[in-house]
Every structure is written in structure tokens, then in C-alpha cells.
Amino acid sequence: MKRARGAFITVLGLWTFLGLMGMTVFAAEKAEFRGAGQFEVPRWFKHSFLDMPEDVTEAARDGKRLLLYFGQDGCPYCAALFNTNFSQKHIADYTRRHFDAIEFNIWGNREVTDFAGRKLPEKEFASNLKVMFTPTILLIGENGGTGLRINGYYPPHQFLAALQYVAEKQEDKITFREYLAKLAPPPATGTLHPEPFFAKPPHDLSKIAPAKPLAVLFEQKDCAGCDRMHSEMLGDPETLKQINRFHVIQLDRWSDTPVVTPAGRATTARQWADELNIVYVPNVVLFDAGKEVVRIEALMKGFHVQSVLDYVASGAYRKQPSLQRFIRERADALRERGVVVDIWK
């Protein structure tokens, strides 16, 4: 299947229509939209009838498992998945050898038969599976269960490890976090990075101001991704503007640092991370009114991090269940105000 993957096009309703008719209309133009991804889904992806029980059976018959990819046009992280990860022959070959890969559009209307045998549009299928980020990848086993879920973009070495973890059927033997820890990690500084907006311990999260949401940053000392988050992300003025709306704490994922959870239970950073299934770091878990709303657990650029923070801090998630729709609406509102939006910066 081949698609043109270009920038999002915002239709300006009547103003655009009149302009196309050659009439003079005085209206402020929106600011530029940059960074949309261009990509093509490989031809070796399965041309499926989107009958999930049938696809599971066919994959198992061939000694494979399913890879369900959920994406959308213009998504720069989807472009990175295809242009950076699947462009590498050893990753593409490994995927083809061990998985039947199927594409889903999170806004699409094609009919899907889900794992329970219900027929529904693919956008509803994605919604029922709690797809909030693109790309989202579900690696499905022979019984239709999810062996591993990838929310967002993993860089090549991490993505290949995820494929190997499920292809080797390790999900019932070891956690992906433990599996990944056995592999050679990328170089790291070997230290935690302090930030002036981190709240000081002791951390009793049941006593923070109820009107302020909570951001918990799970990190570790030997973490190249944590280094990058601090050097590239947390120093950005727009990101700081959003994160200052939160009560923010940093926890060493492997430490015995005492912490009282938002629910009032005394535990340690390590135990709480295990309970929250923190697979790898850095991982930013966002809470509001004591409940988890969403987490940032994959590579993201500034605009998307800021949008996720705004989604929680503004309380928009209460009215708009779709994070992706909120991000689109936020980008459009910024451009209306003359702000250039670059989603890959």
C-alpha cells in the first residue's frame, strides 16, 4: 500500500473558498506548519482483510506473530519508524521473518473484526485499544494477547530489542525492562541531572496542592535517553513554561528512595516503578487529582512534549479523550496566533 505522506493541510473554510474563486478577502494568514513527516508503508506489510482472529491464526500457522502498527498521515515519529528503523535491512528482514505486519490509520474507517469478533471501524478499534500516540505498535501472540506494547517511537537498537523479545517469546519469562538491561546500552554520563524545578524530598505526593497536577520523572544514572531529555528538552523555554504548571519530582528508578504515592501509600521508588510497569527510562508519568492520566515513555520532540503537558495541566483531557485531536487543535490555535509550529523540533 502506498500513500503520500505530507504536511497536514488546514482548510480555512469560507475564506479559502472565496480566495480560490478569485475574490479579495482580507484575513490574517496562519503561521507556518513545519516538521510533518513523509513516509511510505513498506509493500511487505500484509494486505489484510483486518480480521484479527484470522490474522492471528494465519501468522501462527507460519510460525509468526502479529505486529499491529497504528499511525497517521504527517506523523514525524511514524516517518522516523519507517525511514530510520525499517530502512535498515537487518531490522526489516527480522520483522518480516518473525511477524505479519498490519497497518492501521487511527482516523480510518475501514471495517475491522477485533479479537472478540466484533466488527467496527479502525478508528474505533484504535480507540478501544487506548492508542494515544503515533506510532503505537502492538506485538500480538498466538492467543491474541499483547506480548508488548510500544507507545511512540523507539530508536533502532531499542526497537529491534522489542521485536526480539516478543519473537523469542520471552514475555512470560522476563520483563522487557530486564531483557533490555541485558543488552549493551548506549553511552551515558552515569549521573542523575538535577533541575531547579524538582521538588525536594521527602516526597509525600498525597499532600501536594490538589489544584496542581503531578509529573513524576523516573530516570537512572546510566541512561543516554535521560541525558538527552535534560540537555535538549528540559532547558527549552516553552517546555519549562508547561512543566512549571506541575509539581515535579525526579526518582531514580532503581533506588530505595521513600515515596508516598498520590493514593497515600508508603513505598519506594523501585517498588512504585515496578507497580507502574515502568519498562524503561526516562519515563514521565503525569497525574491529576491523584490518578494517572498519561505518560511520556518514548522519544518525543519539544512540541509534542509541551502538548502532552498542556493536555494534562489544562484539564483538556476531561473533555477531549483523544490526545491526537487535542494536539492538532493546539497546533491550529497557535498558528492562528501567528506562532510557527514545528512538530519535529
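Before going into details, it helps to say that this report is about the structure given with it. (Residues numbered from 1 in each chain as written. Predicted model: local features only at pLDDT ≥ 70, side-chain atom pairs only at ≥ 80, totals over all residues. Heavy atoms only, no water.)

### Focus: the sheet that holds strand β6 (residues 136-140)
Right, so step 1: Taken in spatial order, the four strands of this open sheet run β3-β2-β6-β7, and their pairing is mixed. Of all strands in the sheet, those bounded by a partner on one side alone are β3 (99-105) and β7 (146-151). Averaged over all pairs of adjacent strands, the angle between strand axes in this sheet comes to 15°, irrespective of strand direction.
Right, so step 2: Relative to β3, strand β2 (residues 65-71) runs parallel, the two sharing seven bridges. Across the sheet, residue Arg65 finds its bridge partner in β3, namely Phe99.
Right, so step 3: Each of β2, β3, β6 and β7 touches helix α6 (residues 156-167); the most contacted strand, β7, lies at about 165° to it. (Pairing = 2+ DSSP bridges. Helix = DSSP H or I, 4+ residues; strand = E, 2+ residues; numbered from the N terminus. Axes fitted to C-alpha atoms, helices over the stretch in contact; angles between N-to-C directions. Contact = heavy atoms within 4.5 Å.)

### With respect to the packing of aromatic side chains
Right, so step 1: Enumeration over the complete set of coordinates arrives at 21 aromatic pairs.
Right, so step 2: Ring centres 6.1 Å apart and planes at 85° place the aromatic pair Phe45 and Phe86 in the edge-to-face group. Here the residue Phe45 occupies a position in the loop between β1 (33-34) and α2 (52-61), and Phe86 occupies one in the loop between α3 (76-85) and α4 (89-98), the gap between them amounting to 41 residues.
Right, so step 3: Among the aromatic residues, those joined into a cluster by ring pairs are Phe39, Trp44, Phe45, Tyr69, Phe82, Phe86 and Phe159. (Phe/Tyr/Trp six-rings, centres within 6.5 Å; stacked < 30°, edge-to-face > 60°.)

### Things to note about the nonpolar core
Right, so step 1: Core analysis: the biggest nonpolar cluster contains 70 residues, and Tyr69, Phe159, Leu163, Phe176 and Leu286 have the highest contact counts within it.
Right, so step 2: A total of eight residues in this core trace back to one element, the largest contributor, which is α6.
Right, so step 3: What Phe176 contacts, discounting residues up to four positions off in sequence, is Leu148, Tyr154, Gln158, Ala161, Ala162, Tyr165 and Val279.
Right, so step 4: Among the nonpolar cores identified, the runner-up in size contains 18 residues, and Leu205, Ile249, Val281 and Phe287 belong to it. (Core = buried A, V, L, I, M, F, W, Y, C linked by side-chain atoms within 4.5 Å. Buried < 20%, exposed > 50% of the residue type's maximum accessible area, 1.4 Å probe, protein only.)

### A look at the environment of Tyr154
Right, so step 1: Topologically, Tyr154 is positioned in the loop between β7 and α6.
Right, so step 2: Spatially, the C-alpha atom of Tyr154 lies 9.5 Å from that of Pro135, the residues being 19 residues apart in sequence.
Right, so step 3: Tyr154 has contacts with Asn85, Phe159, Ala162, Phe176, Tyr280, Glu297 and Ala298, leaving out every residue within four places of it along the chain.

### Observations regarding the pairing of β2
Right, so step 1: With seven of seven residues buried, β2 is to be regarded as a mostly interior element.
Right, so step 2: Alternating positions in β2 separate into two faces, Arg65, Leu67, Tyr69 and Gly71 on one and Leu66, Leu68 and Phe70 on the other, with burial throughout.
Right, so step 3: Here β2 pairs with β6 via five bridges, running antiparallel. Bridge pairing in β6 links Leu68 to Leu138.

### Some thoughts on the environment of Tyr77
Right, so step 1: Mapped onto the secondary structure, Tyr77 falls in helix α3.
Right, so step 2: When the C-alpha positions of Tyr77 and Tyr154 are compared, they lie 9.1 Å apart, and in sequence the two are 77 residues distant.
Right, so step 3: With near-sequence residues (within four places) excluded, Tyr77 lies in contact with Thr134, Pro135, Tyr153, Leu299, Met300, Lys301, His304, Ile343 and Trp344.
Right, so step 4: From its side chain, Tyr77 meets the backbone nitrogen of Lys301 in a polar contact 2.7 Å long.
Right, so step 5: Polar side-chain contacts of Tyr77 include one of 3.1 Å to the side chain of His304. (Polar contact = N/O pair within 3.5 Å; in protein donor to acceptor, adjacent residues only side chain to side chain.)

### Some thoughts on the side chain of Thr134
Right, so step 1: Relative to the assigned elements, Thr134 resides in the loop between α5 (122-128) and β6.
Right, so step 2: With a relative accessible area of 7%, Thr134 lands in the buried category.
Right, so step 3: A distance of 3.0 Å separates polar atoms of two side chains, one belonging to Thr134 and the other to Gln72.
Right, so step 4: Among residues more than four places away in sequence, those in contact with Thr134 are Phe70, Gly71, Gln72, Cys75, Tyr77, Cys78, Ile106 and Gln324.

### Remarks on the packing of α4 against α6
Right, so step 1: Close contact between α4 and α6 brings their axes to 11 Å; oriented N to C, the two are set at 20°. In terms of their interaxial angle, α4 and α6 are classed as roughly parallel. For the pair α4 and α6, the crossing hand works out as left-handed. Counting all contacts with α4, which are made through His90, Ile91, Tyr94, Thr95 and His98, the residues of α6 involved are Pro156, Phe159, Leu160, Leu163, Gln164 and Ala167.
Right, so step 2: Considered class by class, the residues forming the contact of α4 with α6 number seven nonpolar, four polar and no charged. (Parallel < 35°, antiparallel > 145°, perpendicular 65-115°, else oblique. Left-handed = near helix turned anticlockwise from the far one by under 90°. Nonpolar A, V, L, I, M, F, W, Y, C, P; charged D, E, K, R; others polar.)

### Looking at the sheet that holds strand β10 (residues 247-252)
Right, so step 1: Taking strand neighbours across the sheet as the criterion, the four strands line up as β10-β9-β13-β14 in an open arrangement whose pairing is mixed. The strands lining the two open edges of the sheet, one partner per strand, are β10 and β14 (291-296). Ignoring strand direction, the axes of neighbouring strands in this sheet form an average angle of 20°.
Right, so step 2: The sheet contact formed by strand β9 (residues 214-219) and strand β13 (residues 283-288) spans five bridges and is antiparallel.

### Thoughts on α3
Right, so step 1: Within α3, eight of the 10 residues are buried, leaving the element largely enclosed by the surrounding structure.
Right, so step 2: On its buried side, α3 packs onto β2, α4, β6, α6 and α11 (302-313).

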